[in-house]
Every structure is written in structure tokens, then in C-alpha cells.
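Observations on the model geometry
Listed below, chain by chain, are the residues.
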Amino acid sequence: KPGEEDLIRRGKMNIPQWVLVVIIGLGMLAWVSLYFDLAHYISELMPKVKQSVSEYQTHVGRSSETKQFVIPKWDHILYVLGVTLAIPLVEELAFRGLVLGELRKQFSPAVSIIMSGLFFGVLHVQPVQVIYAVFCGLILGAVYYFCDNIWASFTIHAIFNFMGSGVSQMMKSGLIGVGEKGKNAIYTGMTYIEFIMLLPSVFALTFLFVLRRKKMAEANAKE
């Protein structure tokens, strides 16, 4: 069993907790989508914001200027696996495991989560991305602390990356063989699922917090 000094926690979780984690993952994606809607609106009023949004779109527009048939299918598959599994795993082990774990040796859980979230966001460099990365870092850090399990924050991160980038890449590359109507239907369905989870995700995060407090109270009572 992992002890209090372990940097990377793998505490036990039950099925309701995993359900809450999935809800938070979908909700986090919806909140970030709202952020981008606001950013696009503000960009029409402020030239500097518009430039930053344009730079971000160029930054994330993988192979946007390359014809898709030039890129082999295996490259797309590796990209989807990387963005959905490899990147979330590495970042969670690094930022929520090592960074947050070390910070908790010196600071309170709240301060540690905030500091690690800021660090996670700033390292994304691009201004538009930094803002939402800080938000995501705070959510991931909080979930990791509430659940005491690195796989909880990894699951949210994986859902976020898969829904945000993986599905789009699979459709653009032809890995998912659907026409324009099919693509629109998938995007519409994903949007509905995400936004349905907006408020439930807030309640889910709150409930995880309550469960954590209850667990700590029970542990203190046994001492």
C-alpha cells in the first residue's frame, strides 16, 4: 500500500468514484470549449488577443498545410495513441506525481495544487494555451489529491485529449470512415455530451472533495 510519503499514489477507488472521474473529464473539456468561445469573441474586439488565438490555432494545427494522403495511416495511429495515452501518462507522472508530490512535502495540499497547476500551465508557453492549461492543471491536481490515485487524473487527461484531439484526427485522417454528415453528427453528439456534463462535473468534483474529507476524518478517528 502506498504510504503518505509516496510521490505517486495508487489508492483504492470504487466504481462511483470512477464514474465521477469520467464526468469531470467530459465537463473539463466543456469548460475549456466555453473558454475558447469566449476567446474567439474577445479576439474580434482586441487585435492582440486575435493574434494570440491565431498563433495557437497554427500551433495545434498538425499537418494543416500537408495533404492528408501524404501522411501514412500508421503515423496517424501513433499520433492518436501518443496524444491519448503516452502524453497524459508522462505528464501525470511528472506534474501530479513528482511535482505535486514534492510540493506536498513542503506546503499544504491547496497551495501545492495551485503551484503545480500554475507550473503545468506556464510550461505550455503559448498564451491562449497557458490559461486553459492552468485551469486543467488545477482540476487534475485536485482530483489526484481527492482520489489519492494517479490513474484518476490520468483518466481525465486521456478523456480530454481523446475527445479534444484524438477523435478529430481519426476523422480527418480517414481512420474513421465517415462522410461529412457523419463527421458533423459525431461532433454534434460530442458537443451535447460535453455540455450536458458542465454542471454535473462541478458537483462531481465537489463530491470527490466530500469523500476525501470523510476518509480523512475516519482515518483521524482511528488514531
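Here goes a summary of the coordinates provided. (Residues numbered from 1 in each chain as written. Predicted model: local features only at pLDDT ≥ 70, side-chain atom pairs only at ≥ 80, totals over all residues. Heavy atoms only, no water.)

1. Digging into the overall build of the protein
Summing up its helical and strand segments, the protein has 8 helices and 0 strands in all. The secondary structure elements of the protein, listed N-terminal to C-terminal, are α-α-α-α-α-α-α-α. Within the protein, the proportion of its 223 residues that are buried is 40%. For the protein, contacts bridging at least 24 residues in sequence account for 74% of all contacts bridging at least 6. (Helix = DSSP H or I, 4+ residues; strand = E, 2+ residues; numbered from the N terminus. Buried < 20%, exposed > 50% of the residue type's maximum accessible area, 1.4 Å probe, protein only. Contact = heavy atoms within 4.5 Å.)

2. Quick notes on the packing of aromatic side chains
Under the counting rule described, the total for this entry stands at 9 aromatic pairs. With a centroid separation of 5.5 Å and an interplanar angle of 90 degrees, the aromatic rings of W151 and F154 are classed as edge-to-face. In this pair, W151 and F154 both sit in helix α6 (residues 150–173), 3 residues apart, roughly one turn of the helix. In this structure W151 comes out as partly exposed when scored by relative accessible area, which is 39%. Given a relative accessible area of 14%, F154 falls into the buried group. Pairwise contacts between aromatic rings join Y35, F36, Y132 and F160 into one cluster. Sitting above the plane of the F120 ring, R96 keeps its charged end 4.4 Å from the centroid. R212 extends its terminal NZ or CZ atom over the ring of Y145, reaching a point 4.3 Å from the ring centre. (Phe/Tyr/Trp six-rings, centres within 6.5 Å; stacked < 30°, edge-to-face > 60°. Lys NZ or Arg CZ within 6 Å of the ring centre and 35° of its normal.)

3. A look at unusual backbone geometry
Located in the positive-phi region is D148, a residue other than glycine, with phi close to 60 degrees. By the element assignment, D148 lies in the loop between α5 (127–147) and α6.

4. Quick notes on a nonpolar patch on the surface
A cluster of nonpolar side chains, namely W74, I77, L78, L81 and L85, defines an oily patch on the protein surface of about 520 Å² accessible area. The class of L81 is partly exposed, set by a relative accessible area of 44%. (Patch = residues over 30% accessible without salt bridge, like charges linked within 9 Å, V, L, I, M, F, W, Y side chains within 5 Å. Areas by Shrake-Rupley, 256 points an atom, 1.4 Å probe, with all protein chains shown as cover. Salt bridge = Lys/Arg side-chain N within 4 Å of Asp/Glu carboxyl O.)

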